Every structure is written in C-alpha cells, then in structure tokens.
Amino acid sequence: MVTDRLERLTKTLQEHGIEHVLFSSYISLRYFTGYQATVELEPSPMTPLLGVFLWIRGEQPTLYLADMEPGEGVAAGVSRESFSSYIIEKPMFAVQDLGAKLAAKLRALPRSKVAIEPEEIPAALLDDLHSSCPQLEFCSFKDVLSTFRMVKDAEEIETMLAALALCDLGQGIAKQQATAGRTEIEIFTALRQAMELREGGRVPIIADVVSGTRTALTGGPPTARKLESGELLIVDLVPRHRGYWGDSCNTCCAGEPKKEYKAAFDGLAGVLSDAIAAVRPGLRACDLDRQVRSGVAKLGGSYPHHTGHGLGISWHEEPRIVPYNTVALEPNMIIALEPGMYFEGRWGVRLEYVLRVTASGAEVLSKYRHEL
C-alpha cells in the first residue's frame with residue numbers, strides 16, 4: 001500500500017510544481033514509509049523529532065530515523081539511514097547531525113522546490129537547510145496533506161477495524177464498571193487493562209471519563225470522583241493500534257436513570273441514527289453538521305464541539321464535520337459522528353459511532369451498541 005501512496009504523492013507533487021519531499025511528522029512517516037513511532041503520543045525528549053522522510057525526485061525514498069528507534073516495519077522500497085539521538089559523552093546534537101546528513105544530499109540539487117510540514121520541523125533544522133541550500137525553496141505542504149489522506153485504502157481500514165475493536169471492548173468494560181462507589185479512575189484503569197491484555201502490549205489512549213455534574217463539561221480526564229447511584233458517566237475512548245486510532249463514546253448510568261436522562265439518551269440516539277442514514281457520497285460536511293445540530297436543538301439541547309471528524313493516523317483529521325467545512329464526503333472516508341447535549345452545572349450526554357462512507361451510504365464500523 002505504501003507504493004500506491006507514493007504514486008499518488010508523485011502525481012500530487014507534479015500538480016503543485018514541487019520536485020522533492022522532506023516530511024517530518026510521525027503521521028507522514030507512518031503513512032509514507034510504514035514505520036510506526038515507538039513513543040505514545042509525541043517525540044521522545046531524547047531527540048526533537050523521530051525522523052524525516054526524504055524523497056529526492058528520481059531517487060529511492062529514504063527514512064532518516066533516530067538511532068534509538070528500532071527501525072522495524074519500514075516498507076520495501078524505502079531505504080533507511082540513522083542519525084545520532086541519545087548520547088552521554090557530550091550534549092545531544094540530533095538536529096546538527098541530521099541537518100548535516102540532509103544538507104549533504106540536498107546541497108547538490110539544482111534550483112527546485114521541496115515540500116515540507118513547517119509546523120512539524122524544528123526551526124533550527126530548517127534554518128540550517130536554508131543556509132546550506134539557498135537554491136532550494138521549502139514550500140508548505142500542510143494544506144495538501146490535510147486532504148491527501150481523507151480516503152482510506154484497504155490496509156488502513158483493516159488496521160482501524162482492530163483499533164475500533166479495542167474501543168468496543170473498552171466500552172463494554174466501562175458499562176460493567178459503572179456502579180455506585182466506583183471512581184472514574186478505577187473504571188478507566190479496568191478498561192485500559194482489558195485493552196492492553198487484548199493487544200498484548202501498551203495501548204496509547206486518549207480518554208474522557210467524566211461522571212455526575214462533570215458530564216456537563218463535555219469531557220475531561222478520569223479523576224478519583226466516585227459515582228453515585230443514578231448518575232451519568234460519559235466514556236469517550238480513542239486508542240491507537242499500529243499507528244491508527246479508533247474512537248467511541250457512550251453515556252451510561254450507575255443504576256436506574258432518571259426519566260430526563262433516558263429521554264435525552266433515546267432522542268440523541270435517534271438523531272445519530274438519522275445522521276448515519278443521511279450519509280452518502282457528495283454530502284457536504286457542513287450540511288451533515290447542520291442536520292445533526294438541528295436535530296439536537298429540537299430535543300432542547302445543544303453542543304459546543306464538532307459534530308464529527310475524520311479518523312485515521314491522526315485521531316482528529318479531515319473531513320471535519322463542522323459548520324464551515326464544504327468538503328464533500330467520498331467513498332472510503334472514515335468519519336466519527338458524536339452529537340451531544342450538555343446542561344451547564346447539571347449533566348450531559350454524548351454518543352458516537354465510527355462509520356465508513358460507502359458508494360451508496362454508510363457502514364457503521366463500531367460494534368458496541370450504545371446502552372444507558
């Protein structure tokens with residue numbers, strides 16, 4: 001699949017009049033080389049960046065990787081070189097070492113353009129390259145990349161299904177644990193343990209686990225707060241599997257829910273169901289957002305966040321389902337829809353499913369079914 005992505009990248013570069021690539025985000029490294037970062041959410045403090053992907057037109061693409069990284073999983077056809085990261089003999093000089101190696105490759109190029117991710121490359125490294133290679137124009141490719149990965153290939157979908165299976169497992173554990181006297185952190189610890197035992201290793205995870213009046217805040221990390229009988233619990237889980245993220249949110253109750261809770265839950269579930277039924281290729285993200293917000297408003301509620309978002313190597317990516325976004329849905333986009341209702345100082349509910357846009361509608365990929 002990496003070969004197919006590189007072929008698409010070649011065509012896209014040609015369309016923008018750009019000859020070479022120097023990408024530095026762990027997202028691009030995973031997407032274009034197959035390499036998965038060993039860190040959980042961000043680069044190691046031992047080096048300011050995990051590595052860079054250099055592709056000079058007409059040459060073999062190369063992954064420059066910090067020497068503390070194991071380097072397994074790089075796709076065939078991508079060469080690998082290392083640069084110094086963690087050392088004890090003198091101050092760490094990863095940027096200088098990487099910069100020198102890149103400059104040695106780039107200095108000989110004729111006047112040309114290089115695509116970069118400006119927000120993902122250390123300023124010191126970019127300054128060195130500007131100085132060493134004045135004939136090169138380093139061009140931001142951020143906006144292009146934000147839409148380049150919207151449509152998922154078969155390998156991505158398969159990997160994301162495994163990430164979503166972790167979500168399903170976690171939501172089932174959360175529902176079982178949602179009893180009076182349990183703390184938010186105890187519930188999170190139990191579901192995370194189940195996920196990691198299933199995975200057979202560490203699972204990077206972003207999570208909202210909030211109960212009682214904290215549910216009105218839309219989200220937050222788990223705390224030592226104990227659930228009381230009849231209180232609501234929002235659990236939003238975003239685990240990563242092999243570099244790809246899942247996403248899932250359910251609202252459940254510790255015991256018998258109040259009538260207003262059940263009415264809100266059932267109403268919100270209906271709005272979400274209607275939204276899924278409306279999904280089809282060509283539907284604009286803003287129009288889907290409008291439908292969902294209108295449905296929630298008819299229930300007497302509202303929410304301050306997005307209606308949904310794309311999902312993949314990044315846990316929040318295009319297409320964003322928000323009021324301003326005119327991007328049209330396409331087959332094999334993977335989107336999460338997560339409407340909510342929040343009443344300040346009192347309580348809130350949110351429900352979320354992940355789905356694949358198909359040629360004629362939508363396929364719900366989340367298997368855990370919302371249960372209050």
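Before reading further, recall that the structure is shown in the block above.
Counting from 1, residues in each chain are numbered in the order their sequence is written. Where local features are concerned, this predicted model is filtered to residues with pLDDT of at least 70; where side-chain atom pairs are given and counted, the filter is 80 or more; whole-chain, interface and lining totals use all residues. The basis for every side-chain value is the complete set of heavy atoms in the structure, and neither hydrogens nor water enter the calculation.

S.K.: Got a minute to help me understand the pairing of strand S1 (residues 20–23) in this structure?
M.R.: In regular strands, side chains alternate between the two faces of the sheet. Throughout, exposure labels follow a simple rule: accessible area from a 1.4 Å probe, protein chains only, divided by the maximum for the residue type, with under 20% read as buried, over 50% as exposed, and the rest as partly exposed. A helix here means a DSSP run of H or I that spans at least four residues, while a strand means a run of E at least two residues long, and both kinds are numbered starting from the N terminus. Side chains His20 and Leu22 of S1 all project onto a buried face; the interleaved residues Val21 and Phe23 project onto the opposite face, where all are buried too. Across 3 bridges, the pairing between S1 and strand S5 (residues 112–116) is parallel. From the neighbouring strand, Leu22 faces S5, where its bridge partner is Ile116. Bridge count for S1 against strand S2 (residues 51–55) is 3 bridges, and the pairing is antiparallel. Bridge assignment links Val21 to a residue of S2, and that residue is Trp55. Pairing between strands requires that DSSP locate at least two bridges from one strand to the other.

S.K.: Any chance you could explain helix H3 (residues 94–106) here in plain terms?
M.R.: An α-helical turn contains 3.6 residues, so any two residues separated by three or four positions project in the same direction. Helix span is expected to be 1.5 Å times the residue number reduced by one. With 13 residues, H3 ought to run about 18 Å at 1.5 Å a step, and its terminal C-alpha atoms sit 18 Å apart, in line with that. Those residues of H3 that sit buried are Ala94, Val95, Asp97, Leu98, Gly99, Leu102, Ala103 and Leu106. Note on contacts: a residue pair qualifies if any of its non-hydrogen atoms lie within 4.5 Å across the two residues. Where the residues of H3 are buried, they touch S1, S2, strand S3 (62–66), strand S4 (79–83), helix H4 (123–132) and strand S6 (136–140).

S.K.: For this particular structure, what's the right way to read the pairing of S3?
M.R.: Burial analysis of S3 places 5 of its 5 residues in the buried class, the great majority of the element. Burial along S3 is two-sided: the face carrying Thr62, Tyr64 and Ala66 and the face carrying Leu63 and Leu65 are both buried. Bridge analysis of S3 against S4 gives 5 bridges, and the strand direction is parallel. Looking at S4, one finds that Leu63 is bridged to Arg80.

S.K.: Even after reading the chapter, I still don't get the environment of Lys258, so can you show me in this structure?
M.R.: With respect to the secondary-structure elements, Lys258 resides in the loop between strand S10 (248–253) and helix H8 (259–278). A sequence separation of 78 residues divides Lys258 from Ala180, and the C-alpha atoms of the two residues are 15 Å apart.

S.K.: Where do I start with the sheet that holds strand S13 (residues 334–337) in this structure?
M.R.: One open sheet accounts for 5 strands, arranged S12-S11-S13-S16-S17; its pairing is antiparallel. Of all the strands in the sheet, the pair left with one neighbour each is strand S12 (317–321) and strand S17 (362–364). Averaged over neighbouring strand pairs, the angle between their axes works out to 25° when direction is ignored. Pairing of strand S11 (residues 308–310) with S12, which is carried by 2 bridges, proceeds in the antiparallel orientation. What counts as an axis is a line fitted to C-alpha atoms, over the stretch in contact for a helix, and the angles between N-to-C directions run from 0 to 180 degrees.

S.K.: Would you mind showing me how to read a nonpolar patch on the surface here?
M.R.: Residues enter patches when they are more than 30% accessible in relative terms and free of salt bridges; like-charged ones are connected within 9 Å and nonpolar ones (Val, Leu, Ile, Met, Phe, Trp, Tyr) within 5 Å. To measure how exposed things are, a 1.4 Å probe is used in the Shrake-Rupley method; for residues, cover is taken only from the protein chains shown. Put simply, a salt bridge is a Lys or Arg side-chain nitrogen that is within 4 Å of an Asp or Glu carboxyl oxygen. A cluster of nonpolar side chains, contributed by Met46, Met68, Tyr86, Ile88 and Met92, occupies part of the molecular surface with about 500 Å² of accessible area. By the secondary structure assignment, Met92 is in the loop between S4 and H3. With a relative accessible area of 40%, Met92 lands in the partly exposed category.

S.K.: Help me out: how do you make sense of the sheet that holds S1 in this one?
M.R.: Backbone-to-backbone hydrogen bonds join strands into a sheet, with any given pair of strands oriented parallel or antiparallel. Strands sit in the order S4-S3-S2-S1-S5-S6 across an open sheet of 6 strands; the sheet is mixed. In this open sheet, the two edge strands, each paired with only one partner strand, are S4 and S6. On average, each strand axis in the sheet is inclined to that of its neighbour by 25°, with strand direction left out of account. Contacts from helix H2 (residues 26–33) reach S1, S2 and S3, with the element oriented near 50° to S2.

S.K.: What is the right way to look at the packing of helix H1 (residues 2–15) against H2 in this model?
M.R.: Relative orientation and spacing of two packed helices are given, respectively, by the angle between their axes and the distance between those axes. Two numbers describe how H1 lies on H2: the axes approach to 7 Å, and their chain directions differ by 110°. Relative to H2, H1 is oriented roughly perpendicular. The segment H1 lies against H2, with Val2, Arg5, Leu6, Arg8 and Leu9 engaging Arg30, Tyr31, Phe32 and Thr33. Residue classes follow a fixed rule: Ala, Val, Leu, Ile, Met, Phe, Trp, Tyr, Cys and Pro count as nonpolar, while Asp, Glu, Lys and Arg count as charged, and any other residue, Gly among them, counts as polar. Along the lines of polarity and charge, the residues of the contact of H1 with H2 split into 5 nonpolar, 1 polar and 3 charged. Oblique is the label for any angle not under 35 degrees, not over 145, and not in the 65 to 115 range, which are roughly parallel, roughly antiparallel and roughly perpendicular in turn.

S.K.: When you look at the side chain of Glu184 in this model, what are you seeing that I'm missing?
M.R.: The topology assignment puts Glu184 in helix H7 (residues 184–199). By relative accessible area, which is 0% here, Glu184 ends up buried. Reaching out from Glu184, the side chain makes a polar contact with the side chain of Thr223 at a distance of 2.7 Å. Beyond its immediate stretch of four places on either side in the chain, Glu184 contacts Val209, Val210, Ser211, Arg214, Pro221, Pro222, Thr223 and Arg225. Any pair of N or O atoms that falls within 3.5 Å is considered a polar contact. Within protein, one atom must be able to donate a hydrogen and the other to accept it, and sequence-neighbouring residues count only if both atoms are side-chain atoms.

S.K.: Whenever I open this one, the layout of surface pockets confuses me. Can you help?
M.R.: Over the atoms, a rolling probe the size of a water molecule traces out where space has been left empty. Buried and open spaces are told apart on a 1 Å grid over the protein atoms alone, a cavity being a set of points where a 1.4 Å probe fits but cannot get out and a pocket being an open set with protein on both sides within 12 Å along at least five of seven lines. Residues with an atom within 4 Å of a point are the lining residues. Grid points are joined across faces, edges and corners, and a volume is the space filled by probe spheres set on the points. A volume near 380 Å³ is recorded for the largest pocket. As for the largest pocket, its lining consists of 15 residues, and the residues nearest its centre are Ile27, Glu120, Lys142, Ser146 and Arg149. At the level of secondary structure, the elements contributing two or more residues to the lining of the largest pocket comprise H2, helix H5 (142–148) and S12. When its residues are assigned to classes, the lining of the largest pocket shows 3 nonpolar, 5 polar and 7 charged.

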